[in-house]
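Listed below, chain by chain, are the residues.
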Amino acid sequence: MLTELPEGKVNENMADIFREVDEDLQSDRLRRLWSKYSFAVFGLAVAIVIGTAVSVAIRHRQLARAEAAGAAFASAQALANEDKPGAAAAAFDELARTAPQGYRILALMRAAEERGQTDRAAAVKELDALAADNSVDSLLRDVARLRAGVLRLDEADKVELEQRLTPLLNGPFRNSAREFLGLAALKRGDFEDAGKWFDRIVVDPEAPDVLRKQVNGFLSLVRGGGKFTPPAPPPK
């Protein structure tokens, strides 16, 4: 005689059967998926390993190049500090040919500055080329433009200097540009123009205190209409 199972027990057994069937179906589905895509999974894993190794190798090479460029830059700067502009310019030129982009631009700029001690025309040409190169960072382009203007300070007329330095008047080097325009005006005896540029420095809240004090001394010359002896070129 068959024993009749309680209704709850029957439902529980049926649930177990359906769960086992579902698990078997899922297991079979996973086996089919693995069989179909296992090569792709292995390929992706290999690609990740290779990509990581290549990335590490590239970073290592970049670091080695940067360290070598830093050492070469320090050696070239040491020649400049020893007052050997020709040798320093040649060393910076060589560095510019082999260094990563950041060091290359700095080396080109320093080579031009050192060359400016013996051949200003060549140095200005090189700095002008950097200032016009859109691939160079805008801040470094402004530095090149300013340095070229400084090298032309003794020879350029008012129009040329304003063309060179006016683009800097709205940027971080605006007060340096104002100072050099004022000094050039003092040198040619144009006290009104000199006073205009120096006044703009004095009223600029972001002007360094040292520069503001120096400019106040220049303003005393402007007000007195005295003779002016240009200061020595700014340090490198």
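Let me sum up the structure you'll find in this document. Here, residues in each chain are numbered from 1, in the same order as that chain's written sequence. Residue-level local features of this predicted model are given only where pLDDT is at least 70; pairs of side-chain atoms are given and counted only at 80 or more, and the full residue set underlies all totals for whole chains, interfaces and linings. Side-chain measures were taken over the full set of non-hydrogen atoms in the model, leaving aside hydrogen atoms and water.

## Observations concerning helix H2 (residues 85-98)
In plain terms, the rule: Only DSSP runs of H or I with at least four residues qualify as helices, and only runs of E with at least two residues qualify as strands; both kinds are numbered from the N terminus onward. The length a helix should cover is 1.5 Å for every residue beyond the first. For every residue, the accessible area (1.4 Å probe, protein chains only) is compared with the maximum for its type, and the residue is labelled buried under 20%, exposed over 50%, or partly exposed between those bounds. What the arc measures is the spread of directions leading from the helix axis to the C-beta atoms.
For H2, which comprises 14 residues, the first-to-last C-alpha distance of 20 Å matches the rise-based estimate of 20 Å (1.5 Å per residue) to within 8%. All of the buried residues in H2 are Pro85, Ala88, Ala89, Phe92, Leu95 and Ala96. All buried residues of H2 fall inside an arc of 125 degrees around its axis, so they share one side.

## Here we look at unusual backbone geometry
Despite not being glycine, aspartate 83 shows a phi value in the positive range, around 60 degrees. Mapped onto the elements, aspartate 83 comes out in the loop between helix H1 (7-81) and H2. Here aspartate 83 falls in the exposed class, since its relative accessible area comes to 58%.

## Concerning the pattern of salt bridges
Quick reminder of the rule: We define a salt bridge as a side-chain nitrogen of Lys or Arg found within 4 Å of a carboxyl oxygen belonging to Asp or Glu.
Considering all chains together, one arrives at 20 salt bridges under this definition. Note that arginine 97 and glutamate 94 form a salt bridge whose closest N and O atoms lie 2.8 Å from each other. Here the residue arginine 97 and the residue glutamate 94 both occupy positions in helix H2, the gap between them amounting to three residues, near one helical turn. Overall, glutamate 94 belongs to the partly exposed group, its relative accessible area being 41%. The residue glutamate 206 makes a salt bridge to arginine 174 at a minimum N-O spacing of 2.6 Å. A residue pair is termed long-range when its members are at least 10 positions apart, and glutamate 206 in the loop between helix H8 (191-202) and helix H9 (209-224) and arginine 174 in helix H7 (residues 174-187) qualify at 32 residues. The class of glutamate 206 is exposed, set by a relative accessible area of 59%.

## Focus: the packing of aromatic side chains
The test is simple: Side-chain rings of Phe, Tyr and Trp, where Trp is taken by its six-membered ring, are said to pair if the distance between their centres is within 6.5 Å; with planes under 30 degrees apart they count as stacked, over 60 as edge-to-face, and otherwise as tilted. Criterion for a charge above a ring: Arg CZ or Lys NZ at most 6 Å from the ring centre, at most 35 degrees from the ring normal.
Per the stated rule, a full pass over the model turns up three aromatic pairs. Pairing phenylalanine 73 with tyrosine 103 gives two aromatic rings, centres 6.1 Å apart and planes at 55 degrees, and the pair type is tilted. Here tyrosine 103 lies in helix H3 (residues 101-115) and phenylalanine 73 lies in helix H1, a separation of 30 residues in the sequence. Overall, the relative accessible area of 19% leaves phenylalanine 73 in the buried class. One aromatic cluster in this structure is built from Phe73, Phe92 and Tyr103. Looking at arginine 200, its charged tip hangs above the ring of tryptophan 197, at a distance of 4.8 Å from the centre.

## A short note on the nonpolar core
Heads up, the rule is: Here, nonpolar core refers to any group of buried Ala, Val, Leu, Ile, Met, Phe, Trp, Tyr and Cys residues whose side-chain atoms link them within 4.5 Å. Note on definitions: a residue-residue contact is assigned when non-hydrogen atoms from the two residues lie within 4.5 Å.
Leu165, Phe180 and Phe198 are the most contacted members of the largest nonpolar core, which totals 25 residues. The set of elements that each furnish at least two residues to this core consists of helix H5 (138-151), helix H6 (158-165), H7, H8 and H9. Sorting elements by how many residues they give to this core places H7 first, with seven residues. Excluding residues that lie within four positions of it along the chain, leucine 165 makes contacts with Arg145, Leu146, Gly149, Ala177, Phe180 and Leu181. One finds Ala112, Val124, Leu127 and Leu151 within the second-largest nonpolar core, a separate group that totals 12 residues.

These figures capture arrangement, not role.
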